[in-house]
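So the chains spell out like this:
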Amino acid sequence: MAKFSPYDPSAGKTYPSINPKDIARVEIFPPVGIARVGDSGTSNGERDPSIDIEYYYGPEVPGLTDHPFGTFRDQRGGIKRQAARFRVYAYNSAGKNLGEINNYNKYNLKWTVHVANKKAAYYLFHGKYRTPTTDLRNPDTDPIYGDLKGDPLDQSLEIRKKLIVDPGAQSITRTGTPSPVPLVGYFQGSLPDADDALPVTLGEMRTDDQGRLVFIPGTGQARSVQDISRLYQPEIISEFDSIDWFDDVCDGWVDVSVTHPDRPSMDAEIVKPRKATVLSAPPKFAWGIDSPTTLYDIMENIYKGVYLDHSGTDFYKDIWPVLAGTYKLAWVNEKAYQGHGPGGYGNFLPQEAALSSKDTKYQAQRDFIFGRLRKPEFKNQDQAHTIFMPRLSGDNGDAIEPGTIRDVPGEPIQRFAALTALQYSRFEDWKDGNFTVGVPYGTKTCVEDYPTDEQTVVLARAMLDQTIGDPLYPGIETYWIAKDPKIYQGAGIPQGMRPPFRIDHDKVLPGFLSRGLSLPWQSDFDLCNTHWWPSARPDDVALLDRGGAQQMIDGRRVRWTEGLRDTPDDVSSAFFPGSTDMVHHWRSLGFVAKVPENSESLTGSLPIYVEQERLFPRGKRGY
């Protein structure tokens, strides 16, 4: 059987001849790469070296809503993994981007990656606006005595080695066809003997045909060291902080050294690149459906004093993704369906021409939409209500339904999501008619189709556009630490570096960006089942029957997790059957994606997004 080879939009592309003596520094892009776990390449949940891992490259250009890799599952039914691919760009002494360098133009790239999983060694989960806790996960294993501050950048927890999965820094370079480099650490937990520690593979490093780094994440496994077999694990008995459990999501840094035969000492002479970041995360179960606020929006807002993607407000870059995104969210969230679905008053798709026009006859419509936006940074306490948008829970917990806000003096608004200050200011410009229309993303299919100066921007944006930037309670790819300016490099941004988004890996050690997430990740995938991250973890879905999109037409919806046990609303009993089921059955749940254009659609020209490739059997449809 032929070895698996992923679809590569850059296959066959050529690259400029760049004189190595003109290079003053190099940089890695995207600045943050997102990988997504999957069980492709496994047998009975464990990695099987005899089975190829099927994977696809994470998005490298924005606006492509159709998944480019055929199916979500491999030929054995496993979930394909999303690989993060990293490139190197060269700059001269004036800060000009000279273009990508790789094996094609005779540059040799030696990559070093250091990722880790430190969830079990961290503090108990708490939200961004809750009182910081110094209570530890797994308090009886590698306990720490003395004062703890609960600081998200606290490095004192590094001594809890039994609870940390850390493969160390590993390197790869493309010489011939290199073998994959597995990233294997060990988790001991409360097991008395270090020799009994369990191996945990956080991913593996590969290179593509041009020597770029390809980071393939782990299998998505989660287990307890106390289980008696892979089939009989303990029940989940904690909301976010399961004792003696581990999973294989991770984060860390990516570095590169560059050489060229015409400049043997190049690596010693050029300015070293700023490290890039890689995050591995759960699968994105809703493809082409994005969050109103992404990690790109969060980072651009943090860097807005020194960098902006573009000047002014661009309708197709800043406004339309949010407005059109509400229609897409309607296919994975019932409340969004009521307001923004095919028959909803807030279905903006048919209104694209009007909304992109500066004509004064559309002023009232722009005023109305802007008036429904919740002010950022909690500036209006009176907007703690579901009439304002986005209708998503916030960084201080779930407060989505009228009358359900618990008594938290002074901070109810923080239980609702809002756009960033930069996003809000751009919507205000749009409302006032101060915007350019621009050009929609999605007309170009590979990064090489863009001018050199734009390639680094689209690589960063495409990768981060599919992430969750709000709410981060605790989050999907990372948690609320993403909103803390202290984790980013600020001073000394090199000239011409677009965008300058870089995590400060002197402060943010490998494993720090994921250690505040749920342990295991499947717990919040069970519990956060309404108004949290429907663009990654659907709340409810529509099904495409043989007779057409019948579920959409008659208004009935089906729970995405139908068939898994329900976790009681009262979690004080420490009984989380849905979370336990999610650990076992996440691999069999369905993906939501756009139905191909040539299929039967009862919505006319509107796209429809329905569940596909579900393996777990459904019972009674609808609820």
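This one's a predicted model, so the numbers in the text were calculated from it and none came from an experiment.

Trainee: Can you tell me about the overall build of the protein chain, naming the residues and giving the values?
Mentor: Regarding its fold elements, the protein chain presents 11 helices and 20 strands. C-alpha atoms of the protein chain, sized along the principal axes, occupy 65 × 60 × 55 Å. For the protein chain, with 623 residues in total, the buried portion stands at 61%. In the protein chain, the share of contacts with a sequence separation of at least 24, taken over all contacts with a separation of at least 6, comes to 73%. Of the roughly 24,400 Å² of accessible surface on the protein chain, a fraction of 51% belongs to carbon and sulfur atoms. The protein chain carries 70 positive and 83 negative side-chain charges, and their two centres are separated by 3 Å.

Trainee: Outline the pattern of salt bridges, listing residues and values.
Mentor: Two side chains carrying opposite charge are able to pair once their charged atoms lie near each other. Under the definition given, this model contains 39 salt bridges. Put simply, Glu 204 and Arg 206 hold a salt bridge, and the shortest N to O gap is 2.5 Å. The pair Glu 204 / Arg 206 is uniform in exposure class, with both members buried. Note that Lys 483 is salt-bridged to Asp 395, the shortest N-O span being 2.5 Å.

Trainee: An account of the packing of helix 6 (residues 363–371) against helix 7 (residues 421–431) is requested, with residue identities and associated values reported.
Mentor: Between helix 6 and helix 7, the least distance of the axes is 9 Å, while the angle of their chain directions is 160 degrees. One way to sum up the angle between helix 6 and helix 7 is to call them roughly antiparallel. Both helix 6 and helix 7 take part in a crossing whose hand is left-handed. Two secondary-structure elements touch here, helix 6 through Gln 363, Arg 366, Asp 367, Ile 369 and Phe 370 and helix 7 through Tyr 424, Phe 427, Glu 428, Trp 430 and Lys 431. Taken together, the residues of the contact of helix 6 with helix 7 sort by class into 5 nonpolar, 1 polar and 4 charged.

Trainee: Describe the confidence of the model for the protein chain, with residues and values.
Mentor: Looking at the protein chain as a whole, the pLDDT averages 91, with 92% of positions reaching at least 70. Considering only residues more than four positions removed or in separate chains, one finds that residues 548–554, a stretch of pLDDT under 50, has 19 contacts.

Trainee: How would you explain the nonpolar core if you had to name every residue and give the values?
Mentor: Grouped together as the largest cluster of nonpolar side chains are 98 residues, with contacts concentrated most on Trp 320, Leu 323, Phe 427 and Trp 430. The biggest single contributor to this core is helix 3 (residues 315–329), with 9 residues. The contact partners of Phe 427, leaving out residues within four places of it in the chain, are Asp 318, Ile 319, Val 322, Leu 323, Phe 370, Leu 373 and Leu 419.

Trainee: Now, about the side chain of Thr 420: what can you tell me, with residues and values included?
Mentor: If you trace the backbone, Thr 420 turns up in the loop between helix 6 and helix 7. Of the polar contacts made by the side chain of Thr 420, one reaches the backbone nitrogen of Gln 423; its length is 3.0 Å. Sequence-distant contacts of Thr 420, that is, excluding residues within four places in its chain, are made with Thr 293, Asp 297, Ile 298, Asn 301 and Pro 376.

Trainee: Lay out the side chain of Arg 415 in plain terms, naming residues and giving numbers.
Mentor: By the element assignment, Arg 415 lies in the loop between helix 6 and helix 7. Residue class for Arg 415 comes out buried when judged on its relative accessible area of 2%. Separated by 3.2 Å, the side chain of Arg 415 and the backbone oxygen of Asn 396 make a polar contact.

Trainee: A description of the packing of helix 2 (residues 295–302) against helix 8 (residues 452–465) should follow, citing residues and the corresponding values.
Mentor: It is the contact of helix 2 with helix 8, at a shortest axis distance of 7 Å, that shows an interaxial angle of 125 degrees. Considering their axes alone, helix 2 and helix 8 lie oblique with respect to each other. Here Leu 295, Tyr 296 and Met 299 of helix 2 come into contact with helix 8, specifically with Val 457, Ala 460, Arg 461, Leu 464 and Asp 465. Its residues placed into classes, the contact of helix 2 with helix 8 shows 6 nonpolar, no polar and 2 charged.

Trainee: Give a description of the pairing of strand 7 (residues 97–101) that names residues and reports values.
Mentor: A regular strand places its side chains on the two faces of the sheet in alternate fashion. Most of strand 7 is tucked away: 4 of the 5 residues are buried. With 4 bridges joining them, strand 6 (residues 81–91) and strand 7 adopt antiparallel strand pairing. Paired with Val 88 across the two strands is Ile 101, which belongs to strand 7. In this antiparallel pair of consecutive strands, strand 6 and strand 7, the connection spans 5 residues, and Gly 95 shows a positive phi of 85 degrees.

Trainee: Summarise the environment of Asn 103; cite the residues concerned and give the values.
Mentor: Among the secondary structure elements, Asn 103 is positioned in the loop between strand 7 and strand 8 (108–116). Under the relative-accessibility criterion, Asn 103 is labelled partly exposed at 24%. Contact partners of Asn 103, with chain neighbours within four places excluded, come to Asn 108, Arg 174, Asp 209, Gln 210 and Gly 211. At 2.9 Å, the side chain of Asn 103 and the backbone oxygen of Tyr 107 are in polar contact.

Trainee: Tell me what's going on with unusual backbone geometry, and back it up with residues and numbers.
Mentor: The step from Tyr 473 to Pro 474 runs through a cis peptide bond, and the omega angle for that step is -5 degrees. Along the chain, Pro 474 falls in the loop between helix 8 and helix 9 (521–527). Cis geometry marks the peptide bond from Leu 519 to Pro 520; its omega dihedral reads -5 degrees. Note on placement: Pro 520 falls in the loop between helix 8 and helix 9. Despite not being glycine, Asp 142 shows a phi value in the positive range, around 50 degrees. With respect to the secondary-structure elements, Asp 142 resides in the loop between strand 8 and strand 9 (170–173). Within the chain, Asp 244 stands out as a residue other than glycine whose phi angle is a positive 70 degrees. The class of Asp 244 is buried, set by a relative accessible area of 5%.

Trainee: Break down the pairing of strand 10 (residues 181–187) for me, citing the residues and quoting the values.
Mentor: Here strand 10 shows a buried face lined by Val 181, Leu 183, Gly 185 and Phe 187 and an unburied face lined by Pro 182, Val 184 and Tyr 186. With 7 bridges joining them, strand 10 and strand 11 (residues 198–207) adopt antiparallel strand pairing. Each bridged residue has a counterpart across the sheet, and for Tyr 186 the counterpart in strand 11 is Pro 199.

Trainee: Tell me about the packing of aromatic side chains, and please be specific about residues and values.
Mentor: Think of a pair of aromatic rings as described by two things: how far the centres are apart, and how the planes are tilted against each other in angle. Throughout the structure, instances matching the rule amount to 32 aromatic pairs. When the centroid spacing of 5.0 Å and the interplanar angle of 80 degrees are considered together, the rings of Phe 315 and Tyr 316 count as edge-to-face. We note that Phe 315, like Tyr 316, is buried. For the ring pair Tyr 473 and Trp 532, a centre distance of 5.5 Å and an interplane angle of 15 degrees mean the geometry is stacked. Taken together, the residues Tyr 473 in the loop between helix 8 and helix 9 and Trp 532 in the loop between helix 9 and strand 17 (540–541) connect sequence positions 59 residues apart. For the pair Tyr 473 and Trp 532, a shared accessibility class is recorded, and that class is buried.

Trainee: I'd love a proper account of helix 3, names of residues and values included.
Mentor: In this model, helix 3 (15 residues) spans 20 Å end to end at C-alpha, consistent with the 21 Å of a helix rising 1.5 Å per residue. At Pro 321, helix 3 shows its maximal kink, close to 35 degrees. The distance from a side-chain oxygen at the start of helix 3 to the backbone nitrogen of Tyr 316 is 3.0 Å, and the residue carrying that oxygen is Asp 314.

Trainee: Explain helix 2 to me, and be specific about the residues and the numbers.
Mentor: An α-helix turns once per 3.6 residues; consequently, residues spaced three or four apart project the same way. For helix 2, the buried fraction is high: 7 of the 8 residues fall into the buried class. Among the residues of helix 2, Leu 295, Tyr 296, Asp 297, Ile 298, Met 299, Glu 300 and Asn 301 are the ones counted as buried. The inward-facing, buried residues of helix 2 contact strand 2 (32–36), helix 7 and helix 8. For helix 2, the side-chain oxygen to backbone nitrogen distance between the N-cap and Tyr 296 is 3.2 Å, and the N-cap itself is Thr 294.

About the criteria used
- Counting of residues starts from 1 at the beginning of each chain's written sequence and follows it residue by residue.
- Where totals are concerned, whole chains, interfaces and linings use all residues; where local detail is concerned, this predicted model gives features only for residues with pLDDT of at least 70, and gives and counts side-chain atom pairs only at 80 or more.
- The side-chain values count all of the structure's non-hydrogen atoms but skip hydrogen atoms and water molecules.
- Under the scheme used here, helices are H or I runs from DSSP no shorter than 4 residues and strands are E runs no shorter than 2 residues, and both carry numbers assigned from the N terminus.
- Only protein chains enter the accessibility calculation, which uses a 1.4 Å probe; a residue is then buried when its area is under 20% of its type maximum, exposed when over 50%, and partly exposed in between.
- Whether two residues touch is decided by their heavy atoms; if any such pair falls within 4.5 Å, the residues are in contact.
- Method for areas: the Shrake-Rupley scheme with a 1.4 Å probe, in which residue coverage is limited to the protein chains shown.
- Positive charge is attributed to Lys and Arg, negative charge to Asp and Glu, and no charge count is given to His or to the chain ends.
- Working definition for charges: the position is that of NZ of Lys, CZ of Arg, CG of Asp or CD of Glu.
- The term salt bridge refers to a pairing of a side-chain nitrogen on Lys or Arg with a carboxyl oxygen on Asp or Glu at a separation within 4 Å.
- Note on geometry: axes are lines fitted to C-alpha atoms, helical ones only across the stretch in contact, with angles between N-to-C directions running from 0 to 180 degrees.
- In this scheme, roughly parallel covers angles under 35 degrees and roughly antiparallel covers those over 145, while 65 to 115 is roughly perpendicular and the rest are oblique.
- Note on convention: the crossing is left-handed when the near helix lies turned anticlockwise from the far helix by less than a right angle, right-handed when the turn is clockwise.
- Under the scheme applied, nonpolar residues are Ala, Val, Leu, Ile, Met, Phe, Trp, Tyr, Cys and Pro; charged residues are Asp, Glu, Lys and Arg; polar residues are all the others, including Gly.
- What pLDDT conveys is the predictor's confidence in a given residue, as a value from 0 to 100.
- Nine residue types can take part in a nonpolar core, namely buried Ala, Val, Leu, Ile, Met, Phe, Trp, Tyr and Cys, and a core is a set of them joined through side-chain atoms within 4.5 Å.
- Any pair of nitrogen or oxygen atoms within 3.5 Å is treated as a polar contact; in protein, a donor-acceptor pairing is required on top of that, and neighbouring residues in sequence qualify only through side-chain atoms on both sides.
- Being paired, for any two strands, means DSSP has found at least two bridges between them.
- Any two rings among Phe, Tyr and Trp, with Trp reduced to its six-membered ring, count as a pair given centres within 6.5 Å; such a pair is stacked if its planes are under 30 degrees apart, edge-to-face if over 60, and tilted if neither.
- To estimate how far a helix should reach, multiply one less than its number of residues by 1.5 Å.
- Values of bend correspond, residue by residue, to the angle between axes fitted over the seven residues ending at that residue and the seven starting there.

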